[in-house]
Amino acid sequence: MLLDPDAENDVAYELCQLLGRAILPYRRIGEIDRDVAGGHATAFFYRDGGGDWLLTADAVTGGAGELGLRPSVTEPAGAAPEALPVGGWVRRPELGVAILPAAELERRTGEGGWAWRTQPVVEVIAADAAVVARVGAEPGSAFVLALGVREEGARPLEVAIERVVRVDGVVRITADLPAGYLGAPVFGVEASADGGVALHCLGLVLPGSDGHPVATFDRIRAALPGAPDA
């Protein structure tokens, strides 16, 4: 579904309000493949009936890395470190996705005397196979909620308003995205039964040229540890 510019801006604003605390900056450290956005990515929390998970692009998790802890996602103020080293990703290279059970992250907070204050993407808005199948050749509005990379190293919250299509069976963002957007959640819209607009998280951004493939949520769900098809 393609929205008019004013409606797209409204959706982008609402995404920042509702899910701005779902996302964290991720940076691969040490030996970095400079072809993969300098090792910078966005990770995001996802919650379903099986638990909470942190998701990002597999391409940036093949070595040591760290999560930036934005002040808005932790409490009390000033208690958390600026960055948290992380490892132990469950890698699904066939999908391009890396998964980290959030239980490990919760344990780290207990040791440090601080707590998470997040807004995870929840199962009800994560696209199922039927929603993904309705992405077609005609461009639809897409919204990428990410933490970009500024020259001075800052990672601001951003929403890129783009177009999503299906090409040769693959769901794709049609434009190249800036550094820091790998792994970021991609949202699409379609008409709802009540005549409004239904928002869905289609999946996450993967590396690409002339745009980016999207790892779709129907496949991500099946790859989560403990899922029947994992």
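Every value quoted in this text rests on a predicted model; they were computed, and no experiment measured them. (Residues numbered from 1 in each chain as written. Predicted model: local features only at pLDDT ≥ 70, side-chain atom pairs only at ≥ 80, totals over all residues. Heavy atoms only, no water.)

Enquirer: Got a sec to walk through the pattern of salt bridges? Specific residues and values, please.
Expert: Summed over all chains, the structure comprises seven salt bridges. Where R27 meets E66, a salt bridge forms, and the shortest distance between an N and an O atom there is 2.8 Å. Of the two residues, R27 is situated in strand 1 (residues 23-28) and E66 in strand 4 (residues 65-68); the sequence distance between them amounts to 39 residues. Here R27 falls in the partly exposed class, since its relative accessible area comes to 33%. We note a salt bridge from D58 to R91, for which the minimum N-O separation is 2.6 Å. Pair noted here: D58 is in the loop between strand 3 (51-57) and strand 4 and R91 is in strand 7 (residues 90-92), with a separation of 33 residues, a long-range link. (Salt bridge = Lys/Arg side-chain N within 4 Å of Asp/Glu carboxyl O. Helix = DSSP H or I, 4+ residues; strand = E, 2+ residues; numbered from the N terminus. Buried < 20%, exposed > 50% of the residue type's maximum accessible area, 1.4 Å probe, protein only.)

Enquirer: Please provide a residue-by-residue account of unusual backbone geometry, values included.
Expert: Here the amide bond leading from E75 into P76 is cis, since omega sits at -10 degrees, within 30 degrees of zero. One can find P76 in the loop between strand 5 (74-75) and strand 6 (83-86). For D168, which is not glycine, the phi torsion reads 50 degrees and is therefore positive. When you line up the elements, D168 lands in the loop between strand 12 (157-167) and strand 13 (170-173). Phi is positive for D210, close to 55 degrees, though the residue is something other than glycine. Its location among the elements puts D210 in the loop between strand 15 (197-205) and strand 16 (212-216). What makes D210 exposed here is its relative accessible area of 66%.

Enquirer: Lay out the nonpolar core in plain terms, naming residues and giving numbers.
Expert: Residues L54, L67, V86, L105, W116, V144 and I173 are the most contacted members of the largest nonpolar core, which totals 39 residues. If we skip the residues at most four places from it in the chain, L105 touches F45, L54, L67, L84, V86, L100 and W116. Counting residues in each nonpolar core, the second largest holds 30 residues, with A22, I125, F143 and L206 among its members. (Core = buried A, V, L, I, M, F, W, Y, C linked by side-chain atoms within 4.5 Å. Contact = heavy atoms within 4.5 Å.)

Enquirer: An account of the sheet that holds strand 13 is requested, with residue identities and associated values reported.
Expert: By definition, the strands of a sheet pair up through backbone hydrogen bonds, in either a parallel or an antiparallel sense. With antiparallel pairing, the six strands of this closed barrel are ordered in space as 11-12-13-16-15-14. For this sheet, the mean angle separating the axes of adjacent strands, direction not counted, is 45 degrees. Pairing of strand 13 with strand 16, which is carried by two bridges, proceeds in the antiparallel orientation. Note that in strand 16 the partner of R172 across the bridge is P213. (Pairing = 2+ DSSP bridges. Axes fitted to C-alpha atoms, helices over the stretch in contact; angles between N-to-C directions.)

Enquirer: Residues and numbers for a negative patch on the surface, please.
Expert: Residues D4, D6, D10 and E14 make up a contiguous surface patch of negative charge. Turning to its location among the elements, E14 is positioned in helix 1 (residues 5-19). (Patch = residues over 30% accessible without salt bridge, like charges linked within 9 Å, V, L, I, M, F, W, Y side chains within 5 Å. Areas by Shrake-Rupley, 256 points an atom, 1.4 Å probe, with all protein chains shown as cover. Lys, Arg positive; Asp, Glu negative; His and termini not counted. Charge placed at Lys NZ, Arg CZ, Asp CG, Glu CD.)

Enquirer: Let's hear about helix 2 (residues 102-112): which residues, and what values?
Expert: Of all the positions in helix 2, only A102, L105 and T109 are classed as buried. One side of helix 2 carries all its buried residues, which in axial view fall inside an arc of 55 degrees. Of the residues in helix 2, the exposed ones pointing more than 90 degrees away from the buried face are A103, G110 and E111. Those residues of helix 2 hidden inside the fold are in contact with strand 2 (40-48), strand 3, strand 4, strand 6, strand 8 (97-101) and strand 9 (115-116). At the C-terminal side of helix 2, G113 shows a positive phi close to 75 degrees. (Arc of directions from axis to C-beta.)

Enquirer: Please provide a residue-by-residue account of the pairing of strand 12, values included.
Expert: With eight bridges joining them, strand 11 (residues 140-147) and strand 12 adopt antiparallel strand pairing. Bridging from a neighbouring strand, S141 pairs with R163 of strand 12. By the bridge criterion, four bridges tie strand 12 to strand 13 in an arrangement that is antiparallel. Bridging from a neighbouring strand, V165 pairs with R172 of strand 13. With antiparallel pairing between neighbouring strands as the criterion, strand 12 and strand 13 make up a hairpin whose turn holds two residues, including D168 at a positive phi of roughly 50 degrees.

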